[in-house]
Number of protein chains: 2
Amino acid sequence: MTEPHPPVLAVSTVIFALRPDAESGFMTLWLPLVRRTREPHLNLWALPGGWLPADEELAAAAARTLRETTGLTPKYLEQLYTFGDLGRSPGNRVVSVVYWALVQSGEADAAAVDDNVQWFPADRLPDLAFDHNHIVEYALWRLRTKVEYSRIAHAFLGETFTLAQLRDVHEAVLRRALDPANFRRMIESSGTVVDTGLRLAGVPHRPPRLYRYNDSQTLAEQGPLGPLVG
Amino acid sequence: MTEPHPPVLAVSTVIFALRPDAESGFMTLWLPLVRRTREPHLNLWALPGGWLPADEELAAAAARTLRETTGLTPKYLEQLYTFGDLGRSPGNRVVSVVYWALVQSGEADAAAVDDNVQWFPADRLPDLAFDHNHIVEYALWRLRTKVEYSRIAHAFLGETFTLAQLRDVHEAVLRRALDPANFRRMIESSGTVVDTGLRLAGVPHRPPRLYRYNDSQTLAEQGPLGPLVG
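Predicted model, so just to flag it, every value in this text is computed and none were measured.

Engineer: For the overall build of chain A, give the residues involved together with the corresponding values.
Structural biologist: The secondary structure content of chain A amounts to six helices and nine strands. Taking the principal axes of the C-alpha coordinates as reference, chain A spans close to 75 × 40 × 25 Å. Evaluated residue by residue, chain A yields a buried proportion of 47% over its 230 residues. A total of about 11,600 Å² of accessible surface is found on chain A, and carbon and sulfur atoms cover 52% of it. Taking the average place of the 23 positive charges on the side chains of chain A and the average place of its 27 negative ones, the gap between the two points comes to 6 Å.

Engineer: Describe in detail the nonpolar core, supporting the description with residues and values.
Structural biologist: Among soluble globular proteins, nonpolar side chains are generally buried collectively. In this structure, A:Ile15, A:Leu77, A:Trp119, B:Ile15 and B:Trp119 are the most contacted members of the largest nonpolar core, which totals 44 residues. For this core, the secondary structure elements donating two or more residues are strand 1 (8-20), helix 1 (58-70) and strand 6 (94-103) of chain A together with strand 1 (8-20), helix 1 (58-70) and strand 6 (94-103) of chain B.

Engineer: Break down the pattern of salt bridges for me, with residues and values.
Structural biologist: All names here are of chain A. The full count for this structure, using the stated rule, is 20 salt bridges over all chains. The partner of aspartate 131 in a salt bridge is arginine 88, with the nearest N and O atoms 2.7 Å apart. Highlighted residues: aspartate 131 in the loop between strand 7 (117-121) and helix 3 (132-149) and arginine 88 in the loop between strand 5 (78-83) and strand 6, separated in sequence by 43 residues. For the pair shown, aspartate 131 and arginine 88 are each scored as buried.

Engineer: Go over unusual backbone geometry with me, naming the residues and quoting the values.
Structural biologist: For residues besides glycine, phi is generally negative; the peptide bonds are generally trans as well. Residues and elements named next belong to chain A. With an omega of -5°, the peptide bond between glutamate 39 and proline 40 qualifies as cis. In this model, arginine 206 sits at a positive phi of 45°, which is unusual for a non-glycine residue. Along the polypeptide, arginine 206 turns up in the loop between strand 8 (193-199) and strand 9 (209-213).

Engineer: Can you explain the packing of helix 3 (residues 132-147) of chain B against helix 4 (residues 163-174) of chain B? Please cite residues and give values.
Structural biologist: Residue and element names in this part refer to chain B. Relative to each other, helix 3 and helix 4 sit at 135°, their axes nearing to 9 Å. Judged by the angle between their axes, helix 3 and helix 4 are oblique. For the pair helix 3 and helix 4, the sense of crossing is left-handed. Between helix 3, through Leu143, Arg144 and Val147, and helix 4, the contact on the second element is made entirely by His170, Val173 and Leu174. Across the contact of helix 3 with helix 4, the residue classes break down as four nonpolar, one polar and one charged.

Engineer: Could you give an account of the sheet that holds strand 9 (residues 193-199) of chain B, with specific residues and numbers?
Structural biologist: Residues and elements named next belong to chain B. Overall, antiparallel pairing links the three strands, which are arranged 8-10-9 in an open sheet. Since the sheet does not close on itself, it has two edges, and those belong to strand 8 (160-161) and strand 9, each with one partner. As paired elements, strand 8 and strand 10 (residues 209-213) share two bridges and run antiparallel to each other. Of the residues in strand 10, the one forming a bridge with phenylalanine 161 is tyrosine 211.

Engineer: Let's hear about the domain arrangement of chain A: which residues, and what values?
Structural biologist: Residue and element names in this part refer to chain A. Domains assigned within chain A are domain 1 (8-148) and domain 2 (150-221). The C-alpha centroid of domain 2 is placed 27 Å from the C-alpha centroid of domain 1. The partner domain 2 presents 15 residues to the 16 residues of domain 1 that form the contact. For the pairing of domain 1 and domain 2, the buried interface totals around 1,500 Å² over both sides, and the portion due to carbon and sulfur atoms is 67%. Applying the counting criterion to the domain 1 and domain 2 interface returns one salt bridge. The salt bridge partner of arginine 175 is aspartate 123, with a shortest N-O separation of 2.4 Å. Counting across the domain 1 and domain 2 interface gives three residue pairs in polar contact (both at pLDDT 80 or more). Elements that contribute at least two residues to the side of domain 1 that touches domain 2 include exactly strand 1, strand 2 (27-35), strand 6 and helix 3. Here the residues of the side of domain 1 that touches domain 2 sort into 10 nonpolar, two polar and four charged.

Engineer: So, the packing of helix 4 (residues 163-174) of chain A against helix 5 (residues 180-190) of chain A: which residues are in play, and what are the values?
Structural biologist: Residue and element names in this part refer to chain A. In contact at an axis separation of 11 Å, helix 4 and helix 5 are set at 100° when each is read in the N-to-C sense. The orientation of helix 4 relative to helix 5 falls into the category roughly perpendicular. On the side of helix 4, the interface is formed by Leu163, Leu166, Arg167 and His170, while helix 5 contributes Pro180, Phe183, Arg184, Ile187 and Glu188. In terms of residue class, the contact of helix 4 with helix 5 is built from five nonpolar, one polar and three charged.

Engineer: Can you explain the environment of B:Glu39? Please cite residues and give values.
Structural biologist: All names here are of chain B. Structurally, the position occupied by glutamate 39 is in the loop between strand 2 (27-35) and strand 3 (45-46). Judged by its relative accessible area of 56%, glutamate 39 falls in the exposed class. Counting along the chain gives 51 residues from glutamate 39 to proline 90, while the straight-line C-alpha distance between them is 9.7 Å. One polar contact links the side chain of glutamate 39 to the main-chain amide nitrogen of histidine 41, over a distance of 3.4 Å.

Engineer: Summarise the side chain of A:Ser89; cite the residues concerned and give the values.
Structural biologist: Residue and element names in this part refer to chain A. Within the fold, serine 89 resides in the loop between strand 5 and strand 6. For serine 89, a relative accessible area of 12% gives the class buried. Setting aside chain neighbours within four positions, we find serine 89 in contact with Val94 and Phe130.

Conventions adopted
Along each chain, residue indices are assigned from 1 in the same order as the chain's sequence is written. Starting at A for chains and at 1 for ligands, labels are handed out in the order in which the entities are written. For a predicted model such as this one, the threshold for reporting local features is a pLDDT of at least 70, and the threshold for listing and counting side-chain atom pairs is 80 or more; totals across whole chains, interfaces and linings nevertheless cover every residue. The side-chain figures draw on all heavy atoms in the structure; neither hydrogens nor water molecules are used. A run of DSSP states H or I qualifies as a helix once it reaches four residues; a run of E qualifies as a strand once it reaches two. Both are numbered from the N-terminal end. Each residue's exposure class comes from its accessible area (1.4 Å probe, protein chains only) as a fraction of the maximum for that residue type: buried when under 20%, exposed when over 50%, partly exposed otherwise. Under the convention used here, a 1.4 Å probe and the Shrake-Rupley method define accessible areas, while residue burial counts only the protein chains that appear. In summary, the charge assignment counts Lys and Arg as positive and Asp and Glu as negative, without counting His or the chain termini. A charged residue contributes its charge at one atom only: NZ of Lys, CZ of Arg, CG of Asp or CD of Glu. Think of a nonpolar core as a cluster: buried Ala, Val, Leu, Ile, Met, Phe, Trp, Tyr and Cys residues, connected wherever their side-chain atoms sit within 4.5 Å. Salt bridge criterion: a side-chain nitrogen from Lys or Arg within 4 Å of a carboxyl oxygen from Asp or Glu. Every axis in this analysis is a line fitted to C-alpha atoms, fitted for helices over the stretch in contact. Angles between the N-to-C directions lie between 0 and 180 degrees. We call two directions roughly parallel when the angle between them is under 35 degrees, roughly antiparallel when it is over 145, roughly perpendicular when it lies between 65 and 115, and oblique otherwise. Note on convention: the crossing is left-handed when the near helix lies turned anticlockwise from the far helix by less than a right angle, right-handed when the turn is clockwise. Only heavy atoms matter for contacts: two residues are in contact if any of them lie within 4.5 Å across the pair. Three classes are used, and their members are as follows: Ala, Val, Leu, Ile, Met, Phe, Trp, Tyr, Cys and Pro are nonpolar, Asp, Glu, Lys and Arg are charged, and the others, Gly among them, are polar. By the convention used here, strands pair only if DSSP detects at least 2 bridges between them. An automatic or database domain assignment provides the domain bounds reported here. Throughout, the accessible surface (probe 1.4 Å) given up by two parts as they are put together, summed over both, is called the buried area. Polar contacts, as used here, are pairs of N or O atoms within 3.5 Å; protein pairs need one atom able to donate a hydrogen and one able to accept it. Residues neighboring in sequence count only if both atoms are side-chain atoms.

Following this line, the structure appears as structure tokens:
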């Protein structure tokens, strides 16, 4: 018996942006995928990523491979999960540390798009390389769970936003309509947003109020590791 | 210049149990540590763990190394985080996938204890090997965050429990006293526990009610990966 090769480390990224669905017009989650130009899984779509060099931090390698393939440079990447099941990659045992980020639509538009990089609606993906469908499913589940108790929805929004914009994000992530009055009560009682005293410009009658993050809650949520800058 | 060695994969586990503090008598969090019998960090205490073999699943390797060093066999291990900072280990670049579990005090008592395996109070640790103090700090932070919105506290308890026992767990994790009446209202309105209709045996006057998990909420919390059995 020959000794099996030692496990190899890779990094991948799941980047979600909100964009209108082409058919329904409703906001929905999209993510960028990269076409594989080599075996295994030649020509299949895959998450952006690559091998981990011995001298590069995990989050930095995730950020670099994302930038090199898609041109995307999110402000920060958070570690999502490490996938290492036997048989998830033909040949070598590969353990992938997966990072994720939510980007605003402006950032998403800055991404390179060509024959080998395209955005796909998260709930209508083709068969992806390796276990990448499973990874996206896991990321969607985490996002849906997290949106219920954290301020994660704000990552899709600008510095200030209306409650209707915030509700759009929640509806896209949860894939269901939310009652506007109940949503307003839920958000106002959560203390996660603060009324800026300003109102949306360019709306003549009863322009909606603009809100911003409640900064005092930020540190507790990021935890002792702080933001994982790539 | 020589090519640096490729990164090497390891697994470690953080196992928390609730035990009374020797000084205060209050319930507090403890974890088992293993004394290192080789360099680097010879004789320092470290989290149970070891290298990842090419042909073993991540959670299985974590469970095996935990069992081999401490005799502990928790029902399931959950992935906590992957630590891979440059310089966290002298020599090789080591990336550690860390698993964690909460065990009931009965399980904890079954652990081997000798000169090289001991339980330590989580908030009064000595200087540990590698970045293991940092890993424990991160695990404590996750536990404190999670206890606020999930049923994680139940992992420390038996099949049925009183609200006072559940409050003990919350107080140990959060390290602060909680008002009994407020705690009861919070738990009852959360829908996470169900009144069994039974009462604690052996208490003559007004024995407290026994509660159990609300099983209908279990699946949603475990997510699409299911319980990660070691």
